[in-house]
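Architecture at a glance
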Amino acid sequence: MQIVILKDAAQVAEYGANIFIEQIKNKANSVIGLATGSTPVALYQELIKKNQQNKVSFADVTSFNLDEYLGLKGDHPQSYRHFMGEQLFNHIDIDVNNTHVPPGDAKNPLTACNAYEDKITKAGGIDVQLLGIGRNAHIGFNEPSSGLTSRTRVKTLTQATIDDNARFFAEDEYQPHLSITMGIGTILDSKKVVLLATGEGKADAIKDMVEGPLAAICPASALQLHRDAVIVIDEAAASKLADTEFYKHIEAENQKLIAHLANLK
Ligand code: GLP
């Protein structure tokens, strides 16, 4: 895992956005994996800004979102499809037909899950997958005890996740307790993964993911198995890690190597 510890949420968003921008500059028809939640919003704003400045184009990009609430149609204001439109798709030059979010209104959710996996495979797999992390270390909606090789499927949400996400729903509004989510195995198949986390509320989850044992009870710990996982966090989210100085030292050395390689070109 590459652990990148930055000062604040703004730097985290910029660092994360640059990974996607470089990916798309190198391969215009990249397949990117996207996430919802509050954390990626600043990264999406960065992508919108760069797109509007004509510094990057999404015209040939295909996207796959991690998850969706089961029981919500795409036009429901709390659906992740709607969120993606509002936060990103409506503001960039991506072809909406090339954007994929699991169908929350699928008549047969089981076939819909398999069809989602097939679409990812047909697109050639995901080049870079963006991730947030839940306070219980879930990724996508893979809650604790999720199989480490799981594929896209229906997942029941924990009460903790329902409570965390209640802030997006009105008091008397129906809040789903089921989801369709890419599995941990699906996420691990991405060529690169970039996980963003900010704030003290994520510090325990980050510690367990990076320094705890690989275990289904901590779904994000599965990223320890990934050959190219970049964990971009602010000081607050890093505050419970045992060895932040070492991670900062490694990252400084990485940056020197990158500069050296750029000079060779
Ligand atoms: C939801 C999403 C996750 C996201 C998590 C954390 O549960 N399904 O993909 O990582 O929320 O969200 P936030 O960034 O708002 O803390």
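Our subject is the structure listed above.
Let us look at the structure shown here.

Quick notes on the rules
- Residues numbered from 1 in each chain as written.
- Predicted model: local features only at pLDDT ≥ 70, side-chain atom pairs only at ≥ 80, totals over all residues.
- Heavy atoms only, no water.
- Near = heavy atom within 4 Å.
- Polar contact = N/O pair within 3.5 Å; in protein donor to acceptor, adjacent residues only side chain to side chain.
- Nonpolar A, V, L, I, M, F, W, Y, C, P; charged D, E, K, R; others polar.
- Helix = DSSP H or I, 4+ residues; strand = E, 2+ residues; numbered from the N terminus.
- Buried < 20%, exposed > 50% of the residue type's maximum accessible area, 1.4 Å probe, protein only.
- Contact = heavy atoms within 4.5 Å.
- Phe/Tyr/Trp six-rings, centres within 6.5 Å; stacked < 30°, edge-to-face > 60°.
- Axes fitted to C-alpha atoms, helices over the stretch in contact; angles between N-to-C directions.
- Parallel < 35°, antiparallel > 145°, perpendicular 65-115°, else oblique.
- Left-handed = near helix turned anticlockwise from the far one by under 90°.
- Core = buried A, V, L, I, M, F, W, Y, C linked by side-chain atoms within 4.5 Å.
- Pairing = 2+ DSSP bridges.
- Patch = residues over 30% accessible without salt bridge, like charges linked within 9 Å, V, L, I, M, F, W, Y side chains within 5 Å.
- Areas by Shrake-Rupley, 256 points an atom, 1.4 Å probe, with all protein chains shown as cover.
- Salt bridge = Lys/Arg side-chain N within 4 Å of Asp/Glu carboxyl O.

Re the site of the ligand
- In the vicinity of the ligand there are 14 residues, among which S38, T39, D67, H138 and K202 approach most closely.
- Note that an oxygen atom of the ligand is positioned 3.0 Å from one of the side-chain N or O atoms of R167.
- Residues of the shell around the ligand, tallied by class, amount to three nonpolar, eight polar and three charged.

Comments concerning the environment of S179
- Summarising the element assignment, S179 is placed in strand β8 (residues 178-181).
- Exposure remark for S179: the relative accessible area of 0% places this residue in the buried category.
- As for S179 and Q53, which are separated by 126 residues in sequence, their C-alpha atoms are 36 Å apart.
- In contact with S179, not counting residues within four places along its chain, are E68, Y69, L70, F141, R153, V154, K155 and L157.

Digging into the packing of aromatic side chains
- Under the definition given, this model contains six aromatic pairs.
- Aromatic pair Y69 and Y80: ring centres 4.9 Å apart, planes at 45°, arrangement tilted. Of this pair, Y69 sits in strand β4 (residues 67-69) while Y80 sits in helix α3 (residues 80-87); the two residues are 11 residues apart in sequence, bridging distant segments of the chain. The same class applies to Y69 as to Y80, namely buried.
- With a centroid separation of 6.4 Å and 45° between ring planes, the pair formed by F246 and Y247 is classed as tilted.

What to know about the packing of helix α1 (residues 9-26) against helix α2 (residues 41-52)
- Following both chains from N to C, one finds α1 and α2 inclined at 50°, their axes separated by 8 Å at the closest point. Taken together, the axes of α1 and α2 are oblique relative to one another. Here the hand of the crossing between α1 and α2 comes out right-handed. On α2, the residues that touch A13, E14, G16, A17, N18, F20 and I21 of α1 are A42, L43, E46, L47 and K50.
- Of the residues belonging to the contact of α1 with α2, the class tally is seven nonpolar, two polar and three charged.

A closer look at the nonpolar core
- Judged by nonpolar contacts, the single largest core of 62 residues is most densely connected at Y44, L195, I206, L223 and I233.
- Residues contacting I206, with those up to four places away along its chain left out, are I133, L195, A197, I233, A237 and L241.
- Among the nonpolar cores identified, the runner-up in size contains seven residues, and Y69, F141, L157 and I162 belong to it.

Some remarks on the sheet that holds strand β6 (residues 128-131)
- Pairing within the open sheet is parallel, and its seven strands lie in the order β1-β10-β9-β6-β2-β3-β5. Both edges of this open sheet fall to β1 (2-6) and β5 (99-100), since each of them pairs with a single strand only.
- Relative to strand β3 (residues 62-65), strand β2 (residues 31-34) is paired through four bridges, and the arrangement is parallel. Note on β3: the bridge partner recorded for G33 is F64.
- Contacting β3 and β5, helix α4 (residues 109-122) runs over the sheet at an angle of about 150° to β3.
- On the sheet, helix α7 (residues 203-211) packs against β1, β9 (192-197) and β10 (229-234) and is oriented at approximately 150° with respect to β9.

Section: a nonpolar patch on the surface
- A cluster of nonpolar side chains, contributed by L257, L261 and L264, occupies part of the molecular surface with about 300 Å² of accessible area.
- Position of L261 among the secondary structure elements: in helix α8 (residues 244-264).
- For L261, a relative accessible area of 44% puts it in the partly exposed group.

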